[in-house]
Amino acid sequence: MTVRKSPLVAVALAVVTLAGCSRQFEDDLFRDMNGKEPSRSPVASPSVRPVPQGDGPPGYSDNSRPRRPGAMSPRDEKLARAKAAEAGRALEELRRRGTVDPADVRPVIRRLAGSSRFVVGDLLVGTRQEKVAGADYGIWIGGTACVTGAVSKARVWAEANGRYLETGCISPPPAH
């Protein structure tokens, strides 16, 4: 007696057979995306960092690292906080007079920085980095800290923070 298989049974057998292969196919397909073969170990790789609490997407912590300031030593932090308060007071006086262009701000920052490195530039805002009236600045403090801030017609900003990975003592531009 011959058993005749219907086309529907053949398709069902093919689907069941291939369903077990899908994970292997996926592993093969994406095997070299990061230059390494995927780990079969249930233990996380040492290069995996914990995902931040909240709604952050995977990799957010690593991807946003250049946008966060580094740690300050206690000594540098104390000096930077004092210098930030002094900068805020001096720049508030300029703002009240309406003189907030980089050329007006530079002498004040130079005096505050003393022998430390500093930078004063155009105030750029938004993700399109549009130039507006005002200046941004950064003052290097010791080996780990900065005074980072800006002055515009509306307000003065002066903050003690660690150095940014890619931009030193200037806040990185906004990203998407």
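For the structure given in this document, a descriptive report is provided here. (Residues numbered from 1 in each chain as written. Predicted model: local features only at pLDDT ≥ 70, side-chain atom pairs only at ≥ 80, totals over all residues. Heavy atoms only, no water.)

## Remarks on the nonpolar core
Next up, step 1: In terms of nonpolar packing, the biggest core is built from 21 residues, with Leu 91, Val 105, Ile 109, Tyr 137, Ile 139 and Val 147 touching the most fellow members.
Next up, step 2: Mapped by element, the contributors of at least two residues to this core are α4 (74–97), α5 (102–113), β2 (130–141) and β3 (145–152).
Next up, step 3: Top element by residues in this core is α4. It accounts for six residues. (Core = buried A, V, L, I, M, F, W, Y, C linked by side-chain atoms within 4.5 Å. Buried < 20%, exposed > 50% of the residue type's maximum accessible area, 1.4 Å probe, protein only. Helix = DSSP H or I, 4+ residues; strand = E, 2+ residues; numbered from the N terminus.)

## Focus: the side chain of Asp 136
Next up, step 1: Relative to the helices and strands, Asp 136 resides in strand β2.
Next up, step 2: Salt bridges are absent for the buried Asp 136, whose nearest opposite-charge side chain, Arg 106, sits at 8.2 Å.
Next up, step 3: Not counting chain neighbours up to four residues away, the residues in contact with Asp 136 comprise Val 119, Val 120, Gly 121, Asp 122, Leu 123, Gly 149, Ala 150 and Ile 170. (Lys, Arg positive; Asp, Glu negative; His and termini not counted. Salt bridge = Lys/Arg side-chain N within 4 Å of Asp/Glu carboxyl O. Contact = heavy atoms within 4.5 Å.)

## Overview of the state of the cysteines
Next up, step 1: Under the criterion given, the structure shown has one disulfide.
Next up, step 2: Disulfide pairing is shown between Cys 146 and Cys 169; the S-S distance is 1.9 Å. Negative torsions about the S-S bond denote left-handed disulfides, and the value of about -70° found for Cys 146 with Cys 169 makes this one left-handed. Taken as a pair, Cys 146 in strand β3 and Cys 169 in the segment after β4 (156–162) lie far apart in primary sequence, 23 residues in all. The same class applies to Cys 146 as to Cys 169, namely buried. (Disulfide = S-S within 2.5 Å.)

## Structural notes on the sheet that holds β2
Next up, step 1: Taken in spatial order, the four strands line up as β1-β2-β3-β4 in an open sheet, and their pairing is antiparallel. Looking along the sheet, the strands with just one partner apiece sit at the ends: β1 (118–125) and β4. Each adjacent strand pair in this sheet contributes to an overall mean axis angle of 25°, direction not counted.
Next up, step 2: Bridge analysis of β3 against β4 gives seven bridges, and the strand direction is antiparallel. Following the sheet pairing, Ala 150 is matched in β4 by Trp 157.
Next up, step 3: Where α5 meets the sheet, it contacts β1, β2 and β3, and its direction lies at approximately 145° from that of β1. (Pairing = 2+ DSSP bridges. Axes fitted to C-alpha atoms, helices over the stretch in contact; angles between N-to-C directions.)

Without other data, these values stay purely geometric and don't point to any function.
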